[in-house]
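These are the residues of each chain, in order.
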Amino acid sequence: MAFTTNHTLLQKLREGDEQAWFQFRDFYAPLITIRGRDYCLTDEEIPSLIQVVLLACHQENVLVNYARERGRFRSYLRTVIGRCAKMLLKA
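As the structure is a prediction and not an experimental result, all values here were calculated from the model.

(A) Geometry of the pattern of salt bridges. Across all of its chains, the model carries 3 salt bridges by this definition. A salt bridge links Arg 25 to Asp 26; its shortest N-O distance comes to 3.0 Å. Asp 43 is paired through a salt bridge with Arg 37; the nearest N and O atoms lie 3.1 Å apart.

Next comes the structure, spelled out in structure tokens:
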């Protein structure tokens, strides 16, 4: 599955559209799952990873800090996913 960035969706999130968070979750949950498995997280830990990543995106203004000219959003998100996965592994 290709994870082509939907810049319209990112803009809706920046504007505070709550329904866009559900779309964001549905679109990026498979990527978060794939990356979680790369860190050897279990099937029981993957939903926690998805929740932690979404929370990090919301609380840490990931969407506001992302600059398209600095690279792909999915690469930026993979960094966030990796940090969250490592945090879950330490817990």
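(B) How the structure looks around the packing of helix α2 (residues 18-38) against helix α3 (residues 46-59). Here α2 crosses α3 at 125°, and the two axes come no closer than 9 Å. Looking at the two axes, α2 sits oblique to α3. The hand of the α2/α3 crossing is right-handed. Contacts between α2 and α3 pair Trp 21, Phe 24, Arg 25, Ala 29, Ile 32, Thr 33, Gly 36 and Arg 37 from the former with Ile 46, Leu 49, Ile 50, Val 53, Leu 54, Cys 57 and His 58 from the latter.

(C) Spatial organisation of the state of the cysteines. As enumerated under the stated definition, the model contains 0 disulfides in all. The thiol of Cys 84 is not disulfide-bonded; the next cysteine sulfur, from Cys 57, is found 7.4 Å away.

(D) Representation of the nonpolar core within the structure. One finds Leu 13, Phe 24, Leu 49, Val 53, Phe 73 and Leu 77 to be the most contacted residues of the largest nonpolar core, which totals 27 residues. For this core, the secondary structure elements donating two or more residues are α1 (7-14), α2, α3, α4 (62-65) and α5 (73-90).

(E) Geometry of the environment of Ala 29. By secondary structure assignment, the location of Ala 29 is in helix α2. On the accessibility criterion, Ala 29 (18% relative accessible area) is buried. Separated by 20 residues in sequence, Ala 29 and Leu 49 have C-alpha atoms that sit 9.4 Å apart. In this structure, Ala 29 is in contact with Phe 24 and Ile 50, ignoring residues within four places of it in sequence.

(F) Quick peek at the packing of aromatic side chains. Under the defined criterion, the tally for this structure stands at 6 aromatic pairs. Relative to Tyr 28, the ring of Phe 24 lies with its centre 4.8 Å away and its plane at 50°, an arrangement referred to as tilted. Of the two residues, Phe 24 and Tyr 28 are both situated in helix α2; the distance of 4 residues between them amounts to about one turn of the helix. With respect to burial, Phe 24 and Tyr 28 carry one shared label: buried.

(G) Broad picture of unusual backbone geometry. At Cys 40, a residue that is not glycine, the phi angle is positive and equals roughly 65°. Summarising the element assignment, Cys 40 is placed in the loop between α2 and α3.

(H) Representation of the environment of Arg 14. As for its position among the elements, Arg 14 is in helix α1. Along the backbone, Arg 14 and His 58 are 44 residues apart, and their C-alpha atoms lie at a distance of 9.7 Å. If sequence neighbours within four positions are ignored, Arg 14 has contacts with Leu 63, Val 64 and Tyr 66.

The rules we used
Residues numbered from 1 in each chain as written. Predicted model: local features only at pLDDT ≥ 70, side-chain atom pairs only at ≥ 80, totals over all residues. Heavy atoms only, no water. Salt bridge = Lys/Arg side-chain N within 4 Å of Asp/Glu carboxyl O. Axes fitted to C-alpha atoms, helices over the stretch in contact; angles between N-to-C directions. Helix = DSSP H or I, 4+ residues; strand = E, 2+ residues; numbered from the N terminus. Parallel < 35°, antiparallel > 145°, perpendicular 65-115°, else oblique. Left-handed = near helix turned anticlockwise from the far one by under 90°. Contact = heavy atoms within 4.5 Å. Disulfide = S-S within 2.5 Å. Core = buried A, V, L, I, M, F, W, Y, C linked by side-chain atoms within 4.5 Å. Buried < 20%, exposed > 50% of the residue type's maximum accessible area, 1.4 Å probe, protein only. Phe/Tyr/Trp six-rings, centres within 6.5 Å; stacked < 30°, edge-to-face > 60°.

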